[in-house]
Amino acid sequence: MFTARIEFRASANSVWRHEEGCNKIDCLLLALYRNGQLSHVSIPSARLTNGVDCYLSLPKEDSLSHEYNNLYVNEALIVLKQN
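Trainee: What am I meant to see in the sheet that holds strand E1 (residues 2-9) here?
Mentor: Where strands meet in a sheet, backbone hydrogen bonds hold them as pairs that are either parallel or antiparallel. Judged by pairing direction, the sheet is antiparallel, and its 3 strands sit side by side in the order E1-E3-E2 without closing on themselves. Pairing within the sheet leaves two strands with one partner each, and these edge strands are E1 and strand E2 (45-48). Neighbour-to-neighbour, the strand axes of this sheet turn through a mean angle of 15°, independent of strand direction. The sheet contacts of helix H1 (residues 18-34) involve E1, E2 and strand E3 (51-58), and relative to E3 the element is tilted by about 15°.

Trainee: What should I look at first to understand the environment of isoleucine 78 in this one?
Mentor: In this structure, isoleucine 78 sits in helix H2 (residues 71-81). For isoleucine 78, a relative accessible area of 51% gives the class exposed. Along the primary structure isoleucine 78 and lysine 24 are separated by 54 residues, whereas in three dimensions their C-alpha atoms are 9.9 Å apart.

Rules and cut-offs
- Residues numbered from 1 in each chain as written.
- Predicted model: local features only at pLDDT ≥ 70, side-chain atom pairs only at ≥ 80, totals over all residues.
- Heavy atoms only, no water.
- Pairing = 2+ DSSP bridges.
- Helix = DSSP H or I, 4+ residues; strand = E, 2+ residues; numbered from the N terminus.
- Axes fitted to C-alpha atoms, helices over the stretch in contact; angles between N-to-C directions.
- Contact = heavy atoms within 4.5 Å.
- Buried < 20%, exposed > 50% of the residue type's maximum accessible area, 1.4 Å probe, protein only.

Function-wise, these values are silent; they only describe arrangement.
Laid out in C-alpha cells, this is it:
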C-alpha cells in the first residue's frame, strides 16, 4: 500500500467556496475509490484558506495515473476544474 497527498486549490483568479469545492472533491474521491484507484473510502483531509489537502491510501504506486481513469473519474475531474 502507498500513500499520497493531493492538494486542491482555487485558481488564482477565483475565490475558494469551501462547501461547493468539498462536494466536488468528494465526488472525485468516491469515483476514484469505486474505480479501485484508492484503497480506503475514509480519507483524512486538512481544510485550508484556499483549498483542501487530502491524504490517500493507494493500492499501487501509480494508481492515480490517468491511464486507469474510467468515465466517472474523468467526468468528476472535468466538474472539479470548472468554476
